[in-house]
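What follows is the residue order along each chain.
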Amino acid sequence: MLTMVLLLFTCNDKDSENKRVLSNSSGNINNLSVVVDNMMWQDAVGEAVRDIIASPVEGLSTDDEPMFAMRQMPPQVFSDFTTKNRIILILKKGENERTLIKRNVYAQPQTVVFVLGQTDAEIINQLNENGDKIIKAFKKEEVREQQRRIKLSLFDTEPIESQLGVSIKFPSAYRIAKNEDGFFWIRKDINTGTMDLMIYEVPLNSIRTGDSATIDIVKMRDSIGETHIQGRLDGSFMITEKAYAPYRFDEIVDNKPTIVTKGLWDVKNDFMSGPFINYAIEDKENNRYVIVEGYVFSPSKEKRDSMFELESIIESVKIE
């Protein structure tokens with residue numbers, strides 16, 4: 001009997017040793033640690049990383065805001081607290097050519113991408129081939145973190161749920177500025193302007209498929225702007241900036257096909273503008289599209305992180 005007890009304790013001790021306890025990750029949203037040799041960073045590999053992984057965010061009103069703020073460090077200093085960043089890109093020469101995406105390697109939650117190759121050319125080839133996949137993995141991690149932070153202090157969205165059958169999670173720092181005929185205008189004051197959300201529904205047949213979808217979405221949001229989003233001056237209201245064609249792609253939100261449109265908004269008869277992102281979520285069961293749009297007004301200031309917060313809020317949508 002004593003032998004059995006000792007064996008059990010021995011096994012439990014070994015199990016405890018085998019279980020790694022990971023510390024919590026840290027870092028600002030969209031801050032990427034890049035672990036690579038200094039010479040490679042200053043040469044073609046570094047250029048490829050900056051061109052592919054840190055390319056400018058589509059649809060912002062200011063130029064050259066990269067998707068990620070990058071901090072480069074050589075492998076020799078990558079230890080202890082420097083391994084705890086939430087998103088890490090590691091580039092290493094002298095390994096078989098491949099790209100590996102792993103979670104919770106040095107801390108949690110965390111996404112670490114290893115880009116390996118025997119030569120600089122092979123590493124650059126991996127970046128070119130897998131750039132979209134790498135960006136998506138990092139962005140997914142950062143959306144999770146942004147949503148975790150949002151949940152720390154949530155606004156009571158019962159009016160939206162009861163009227164539209166839509167649940168959405170946004171912080172208590174926001175307020176409902178307008179609740180009118182199934183249209184919700186939600187606002188957050190920031191030092192340099194505002195961050196805004198609009199939520200409403202339109203019939204399923206109001207947005208055509210294919211290339212015509214963008215035309216219909218622009219027409220729809222211009223109509224909504226004229227009706228609900230008046231400017232500071234008489235006769236002024238929000239419209240879509242016509243000088244730049246909106247950027248459109250398909251997404252899945254709440255397991256539903258979604259048309260995402262990014263572009264610039266303007267105010268007719270006034271001097272106000274900024275970026276917007278519009279999600280048209282297909283809800284066939286209720287014969288409608290649920291429209292959730294975020295936009296920012298923050299003149300002469302960077303808008304990447306504000307727009308990312310709005311995107312993270314929108315991607316929390318659940319249609320009940």
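Residues numbered from 1 in each chain as written. Predicted model: local features only at pLDDT ≥ 70, side-chain atom pairs only at ≥ 80, totals over all residues. Heavy atoms only, no water.

(A) Summary view of the side chain of Thr-82. In this structure, Thr-82 sits in the loop between strand E3 (69-73) and strand E4 (87-93). Overall, the relative accessible area of 8% leaves Thr-82 in the buried class. A polar contact of 3.2 Å, which involves the side chain of Thr-82, links it to the backbone oxygen of Val-77. In contact with Thr-82, other than residues within four places in its own chain, are Met-73 and Val-77. (Helix = DSSP H or I, 4+ residues; strand = E, 2+ residues; numbered from the N terminus. Buried < 20%, exposed > 50% of the residue type's maximum accessible area, 1.4 Å probe, protein only. Polar contact = N/O pair within 3.5 Å; in protein donor to acceptor, adjacent residues only side chain to side chain. Contact = heavy atoms within 4.5 Å.)

(B) Molecular detail of the pattern of salt bridges. Throughout the structure, instances matching the rule amount to 21 salt bridges. Among the ionic pairs, Asp-189 bridges to Arg-175, the shortest N-O distance being 3.1 Å. Separated by 14 residues along the polypeptide, Asp-189 in strand E10 (residues 183-190) and Arg-175 in strand E9 (residues 175-180) bring together distant segments of the chain. Residue Asp-189 is classed as exposed on the basis of its relative accessible area of 52%. When its relative accessible area of 35% is taken as the criterion, Arg-175 is described as partly exposed. The structure contains a network of salt bridges with shared partners spanning Arg-103, Glu-141 and Arg-144. (Salt bridge = Lys/Arg side-chain N within 4 Å of Asp/Glu carboxyl O.)

(C) Region of the structure containing the packing of aromatic side chains. What the rule picks out here adds up to 8 aromatic pairs. With a centroid separation of 5.6 Å and 45° between ring planes, the pair formed by Tyr-247 and Phe-249 is classed as tilted. Exposure remark for Tyr-247: the relative accessible area of 38% places this residue in the partly exposed category. Of the residues examined, Phe-249 reaches a relative accessible area of 24% and is grouped as partly exposed. Connected via pairs of aromatic rings, a cluster forms that spans Phe-155, Phe-170 and Tyr-174. The lysine or arginine in question, Arg-50, covers the ring of Trp-41, its NZ or CZ lying 4.6 Å from the ring centre. Above the ring of Phe-276, the side-chain terminus of Arg-221 is found at 3.9 Å from the ring centroid. (Phe/Tyr/Trp six-rings, centres within 6.5 Å; stacked < 30°, edge-to-face > 60°. Lys NZ or Arg CZ within 6 Å of the ring centre and 35° of its normal.)

(D) Structural view of the sheet that holds E3. Ordered in space as E3-E2-E4-E7-E5, the 5 strands form an open sheet in which the pairing is mixed. Only two strands of the sheet have a single partner each, and these edge strands are E3 and strand E5 (98-103). The mean inter-strand angle of the sheet, taken between neighbouring strand axes irrespective of direction, is 20°. Bridge count between strand E2 (residues 31-35) and E3: 5 bridges; the pairing is parallel. (Pairing = 2+ DSSP bridges. Axes fitted to C-alpha atoms, helices over the stretch in contact; angles between N-to-C directions.)

(E) How the structure looks around helix H3 (residues 44-52). Those residues of H3 that fall on the buried side of the exposure criterion are Val-45, Gly-46, Ala-48, Val-49 and Ile-52. Seen from one end, H3 has its buried residues packed into an arc of 160°, which puts them on one side. Looking at the buried residues of H3, the elements they touch are helix H2 (38-42), E3, E4 and helix H4 (120-150). (Arc of directions from axis to C-beta.)

(F) Structural detail: the packing of H3 against H4. Where H3 meets H4, the axes come as close as 10 Å, and the angle between the chain directions of the two elements is 15°. When the axis of H3 is compared with that of H4, the two are roughly parallel. The handedness of the crossing between H3 and H4 is right-handed. Along its contact with H3, which presents Ala-44, Val-45, Ala-48, Val-49 and Ile-52, the element H4 presents Asp-120, Ile-123, Ile-124, Leu-127, Asn-128, Gly-131 and Ile-135. Per-class residue counts for the contact of H3 with H4 are 9 nonpolar, 2 polar and 1 charged. (Parallel < 35°, antiparallel > 145°, perpendicular 65-115°, else oblique. Left-handed = near helix turned anticlockwise from the far one by under 90°. Nonpolar A, V, L, I, M, F, W, Y, C, P; charged D, E, K, R; others polar.)

(G) Up close: the environment of Asn-104. Within the fold, Asn-104 resides in the loop between E5 and strand E6 (107-108). Each C-alpha atom of the pair Asn-104 and Gln-72 lies 20 Å from the other, and the pair is 32 residues apart in sequence.

(H) Highlighting the side chain of Thr-214. Following the sequence through the fold, Thr-214 ends up in helix H6 (residues 212-228). Judged by its relative accessible area of 17%, Thr-214 falls in the buried class. Dropping the residues within four chain positions of it, Thr-214 is found in contact with Pro-246 and Arg-248.

(I) Expanded view of the environment of Ile-90. Note that Ile-90 resides in strand E4. With 12 residues separating them along the chain, Ile-90 and Phe-78 place their C-alpha atoms 9.9 Å apart. Those residues in contact with Ile-90 that sit more than four places away from it in its chain are Val-35, Phe-78, Tyr-106, Val-112, Val-113, Phe-114 and Val-115.

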